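If you want the building blocks of each chain, they are given just below.
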Amino acid sequence: MRILLLGKNGQLGWELHRTLQPLGKIFAVDYPEIDLTSPDSIYKTLQEYQPELIINAAAYTDVDRAESEPEIAMDVNGRAPGLIAEQAQALCAGLIHYSTDYVFDGKKGSPYVEADIPNPINVYGRSKLEGERSVSQINGSYLILRTSWVYSLHRESFVTKVLRWSRKKQTLRIASDQIGSPTWARMLAEITAQVLAKASGDVVHWIKNHKAIYHLAGNGYANRLEWAQLILDYDPKREEQITQEIQPAVSSDFPVAALRPEFSALNCNIFNNTFRLCMPDWKVSLRLALQGEGFF
Ligand SMILES: NC(=O)c1ccc[n+]([C@@H]2O[C@H](COP(=O)([O-])OP(=O)(O)OC[C@H]3O[C@@H](n4cnc5c(N)ncnc54)[C@H](OP(=O)(O)O)[C@@H]3O)[C@@H](O)[C@H]2O)c1
């Protein structure tokens, strides 16, 4: 199978580039080989590689910068996925696309299910919701995997930031009023590859038979402070830490451009029951992520 991976240098794309290898011939690209703000670039790349499956891990993910660059965010996250889906259909290819918990407003107070109505509260969330809609409207062969609080040790993430702060600051102040489902990029990539490995015979047809939006994130949830505390606890080089305590803070203590949902944990039961696969508890993944891996 010819698989085209978009966003190979991102947190998730970096992992997918590795986990997808057993599934076929992988063509992996990122900006500037492909520029998702350019319909021409999207068209040329897809024509060049003639994939049977496209995995779109590329996105505009700077949630705060998106507030001042809404057009770019909308082009990359909203319009490009629709163009990719359109091209995929013309090539008779399948599409795996990723979306976000930030399509929700965070006011529900319990984990979101797929039937909950999105109501994004920032530009990034609106642009990703537009992407979901544009992929679904083409109605080809697609899976949209909505995930949450993605981290990796290979690119800057909340986990690498906390580890770095712990080497520099005696006291950390971390918001305890944002709750989500931390998701290790490698586990998300592993599960994506395993879903595809389940497709027997015609993958494109198999994906079409399962086409839908699915929630797929680390099992369980935590607030940012709880997450930070466990990062420090599981740090394999604890002796390098100088942090003595973590103090609770509220999001408004750290003024940023974009509002964040307060509670955006995802309920993944539909994914688990459909594909007979499930994400481990977020704490298990975090421990595995930190075991034996240096961070950049
Ligand atoms: N990060 C999270 O916490 C989170 C949470 C929920 C859902 N998600 C979703 O999960 C997926 C993967 O996220 P991630 O964290 O792996 O993202 P990431 O690390 O930011 O990687 C995204 C990749 O897309 C590339 N990209 C940005 N603009 C582009 C453009 N115009 N043309 C081509 N490529 C471009 C980036 O390149 P540059 O680095 O050069 O910009 C980067 O390599 C995305 O769909 C994201 O929306 C992420």
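See the structure shown above.
This is a predicted model, so every value here is computed, not measured.

Engineer: Can you walk me through the site of the ligand in this structure?
Structural biologist: Around the ligand there are 26 residues in total, and Leu-12, Asp-30, Thr-61, Tyr-124 and Lys-128 lie nearest to it. Take Gln-11: an N or O atom from its main chain is 2.9 Å from an oxygen atom of the ligand. Taking Ile-34, its main chain carries an N or O atom lying 3.5 Å from a nitrogen atom of the ligand. For the ligand, whose accessible area on its own is 900 Å², the fraction buried by protein is 83%. Where the shell around the ligand is concerned, the elements lending two or more residues are α1 (11–19), β4 (94–100) and α4 (123–138). For the shell around the ligand, the leading source of residues is β4, giving three residues.

Engineer: Mind showing me how you'd approach the layout of surface pockets here?
Structural biologist: Space inside the second largest pocket adds up to approximately 150 Å³. What lines the second largest pocket is a set of 14 residues, among which Gln-89, Ala-93, Gly-140, Ser-141 and Lys-208 lie closest to the centre. For the lining of the second largest pocket, the secondary-structure elements that each account for two or more residues are α3 (70–90), α4 and α7 (203–209). The residue inventory of the lining of the second largest pocket, partitioned by class, reads nine nonpolar, four polar and one charged.

Engineer: Please clarify how the packing of aromatic side chains should be interpreted in this entry.
Structural biologist: For any pair of aromatic rings, the description rests on two quantities: the centre-to-centre distance and the angle between the ring planes. Under the criterion given, the structure shown has 11 aromatic pairs. Considering the side-chain rings of Trp-149 and Trp-227, the 5.4 Å spacing of their centres and the 15° angle between planes classify their relative orientation as stacked. Here Trp-149 is found in the loop between β5 (142–147) and β6 (150–151), whereas its partner Trp-227 is found in helix α8 (residues 224–234), with 78 residues between them in sequence. Classification of Trp-149 as buried rests on a relative accessible area of 8%.

Engineer: Looking at this structure, how should I read the sheet that holds strand β1 (residues 2–6)?
Structural biologist: Pairing between the strands of a sheet comes from backbone hydrogen bonds, and it takes one of two forms, parallel or antiparallel. Strand order in the open sheet formed by six strands is β2-β1-β3-β4-β5-β10, with parallel pairing between adjacent strands. Whereas interior strands pair on both sides, the edge strands pair on one side only; in this sheet they are β2 (25–29) and β10 (212–215). Across the sheet, the axes of successive neighbouring strands diverge by a mean angle of 20°, strand direction being ignored. Sheet topology places strand β3 (residues 53–56) next to β4; four bridges connect them, and they run parallel. Bridge pairing links Leu-53 to Gly-94 in β4. Of the strands in this sheet, β1, β2 and β3 touch helix α2 (residues 39–49), which is tilted by about 155° from β1.

Conventions we followed
- Residues numbered from 1 in each chain as written.
- Predicted model: local features only at pLDDT ≥ 70, side-chain atom pairs only at ≥ 80, totals over all residues.
- Heavy atoms only, no water.
- Near = heavy atom within 4 Å.
- Polar contact = N/O pair within 3.5 Å; in protein donor to acceptor, adjacent residues only side chain to side chain.
- Areas by Shrake-Rupley, 256 points an atom, 1.4 Å probe, with all protein chains shown as cover.
- Helix = DSSP H or I, 4+ residues; strand = E, 2+ residues; numbered from the N terminus.
- 1 Å grid on protein atoms, 1.4 Å probe; cavity = no way out; pocket = protein on both sides within 12 Å on 5 of 7 lines; lining within 4 Å.
- Points joined across faces, edges and corners; volume = space filled by probe spheres on them.
- Nonpolar A, V, L, I, M, F, W, Y, C, P; charged D, E, K, R; others polar.
- Phe/Tyr/Trp six-rings, centres within 6.5 Å; stacked < 30°, edge-to-face > 60°.
- Buried < 20%, exposed > 50% of the residue type's maximum accessible area, 1.4 Å probe, protein only.
- Pairing = 2+ DSSP bridges.
- Axes fitted to C-alpha atoms, helices over the stretch in contact; angles between N-to-C directions.
- Contact = heavy atoms within 4.5 Å.

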